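Report on the structure
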Amino acid sequence: MKTLTCKTIFRTFLLTAAFCCLFFVTTPVQAKNSKSSSSSNLEEWLDICETIGQTMKKKHFTYSNYGTKKTYSSALSGARKSNCALYVSWCLQEYGAIKKGKTFYVRWNGSIKKNFSSWGKKVQIIRVNKKCSSANLKAGDIVCWSGIAHCNIYAGKNKSGKRLWYDAGKSATYSGRSGSSYENVGARQLSYLNSRRISYIIRIKNL
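Residues numbered from 1 in each chain as written. Predicted model: local features only at pLDDT ≥ 70, side-chain atom pairs only at ≥ 80, totals over all residues. Heavy atoms only, no water.

1. Some thoughts on the pairing of strand β8 (residues 163-166)
Just so we agree on the cut-off: Between any two strands, at least two bridges found by DSSP are needed for them to pair. Elements are defined by DSSP. Helices are runs of H or I of four residues or more, strands are runs of E of two residues or more, and each kind is numbered from the N terminus.
Relative to β8, strand β7 (residues 150-157) is paired through four bridges, and the arrangement is antiparallel. Following the sheet pairing, K157 is matched in β8 by R163. Here β7 folds back onto β8 in antiparallel fashion, the turn holding five residues, of which G161 has a positive phi close to 85 degrees.

2. Looking at the sheet that holds strand β6 (residues 142-146)
This is how it is decided: Note on geometry: axes are C-alpha line fits, over the in-contact stretch for helices, and angles between N-to-C directions span 0 to 180 degrees. Contacts were defined at the residue level, with two residues in contact if any of their heavy atoms lie within 4.5 Å.
With antiparallel pairing, the five strands of this open sheet are ordered in space as β5-β9-β6-β7-β8. In this open sheet, the two edge strands, each paired with only one partner strand, are β5 (123-131) and β8. Across the sheet, the axes of successive neighbouring strands diverge by a mean angle of 35 degrees, strand direction being ignored. Note: β6 against β7, four bridges, orientation antiparallel. Bridging from a neighbouring strand, I142 pairs with I153 of β7. In this fold helix α3 (residues 84-95) packs onto β6, β7, β8 and β9 (197-204), with an angle of close to 60 degrees to the strand it touches most, β7.

3. Some thoughts on the packing of aromatic side chains
Aromatic ring pairs are defined here through the distance separating the ring centres and the angle between the ring planes. Here is the rule we go by: Each Phe, Tyr or Trp ring, with Trp reduced to its six-membered ring, pairs with another whose centre is within 6.5 Å; inter-plane angles below 30 degrees give stacked pairs, above 60 give edge-to-face pairs, and intermediate values give tilted ones. Only protein chains enter the area calculation, which uses a 1.4 Å probe; residues under 20% of their type maximum are buried, those over 50% are exposed, and those in between are partly exposed. Geometrically, a lysine NZ or arginine CZ counts as sitting over a ring once it is within 6 Å of the ring centre and also within 35 degrees of the ring normal.
Counting across every chain of the model gives seven aromatic pairs. With a centroid separation of 5.8 Å and 45 degrees between ring planes, the pair formed by Y72 and W90 is classed as tilted. In this pair, Y72 is assigned in helix α2 (residues 72-77) and W90 in helix α3, connecting sequence segments 18 residues apart. For the pair formed by Y72 and W90, the shared burial category is buried. Judged by centre distance (5.0 Å) and plane angle (90 degrees), the rings of F116 and W119 are edge-to-face. No difference in accessibility class separates F116 from W119, as the two residues are buried. An aromatic cluster is present here, built from F61, Y72 and W90 joined pairwise through their rings. Above the plane of the ring of F116 lies K114, whose end atom (NZ or CZ) is 6.0 Å from the centre. The ring of Y200 has R127 sitting right over it, with the charged end atom 4.8 Å from the ring centre.

4. Here we look at the pattern of salt bridges
How we decide: A pair is scored as a salt bridge if a Lys or Arg side-chain nitrogen falls within 4 Å of a carboxyl oxygen belonging to Asp or Glu.
Scanning the entire structure with this criterion turns up two salt bridges. For K100, the salt bridge goes to E94, with nearest N and O atoms at 3.7 Å. What makes E94 partly exposed here is its relative accessible area of 34%. One salt bridge in this structure joins D141 and R203, with 2.8 Å as the shortest N-O distance. Taken as a pair, D141 in the loop between β5 and β6 and R203 in strand β9 lie far apart in primary sequence, 62 residues in all. The class for R203 is buried, based on a relative accessible area of 17%.

Worth remembering: the numbers are spatial, not functional.
Below is the structure:
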């Protein structure tokens, strides 16, 4: 009877120890996989921003608010015109955060005007109303600016701690005027934005 009791206790101990090891080993792995997935999503998103920006320069896109196309593919095959908001809209479309043909722009007062009813479940709209220096930005955020009718994409910081932006505004063209060809959509420093006020952040989920 004593032998049976000892074996039972020992078997129970082994099963309990095995369960504890399994719990403590798998839980961190799941968290690591989730973090790895977010990192991969961010890399994919920024790669799309970079690729479209480079293509706009290579294909001699010009800055314009008129005669533009709602999708990136139609712009490539037709009138090669873009602007800050259209570039961001194309990037969102290519990433799959919004459907093809959906576009938006930012008004002078910082409000967002879009040609569709709902953003859907893949993005989060965050009200900020703070200067850039005080805003809690995450790499990949789409930033809407008040007072300059502008939007761009925050790419993170360089080794010197300076903010970098993917930006298809007039400042990205050779002459800084409408009708001028794009020279550099980013990622680059835009120091004039440091004192500007952010109205909204459009944040893609799971980045």
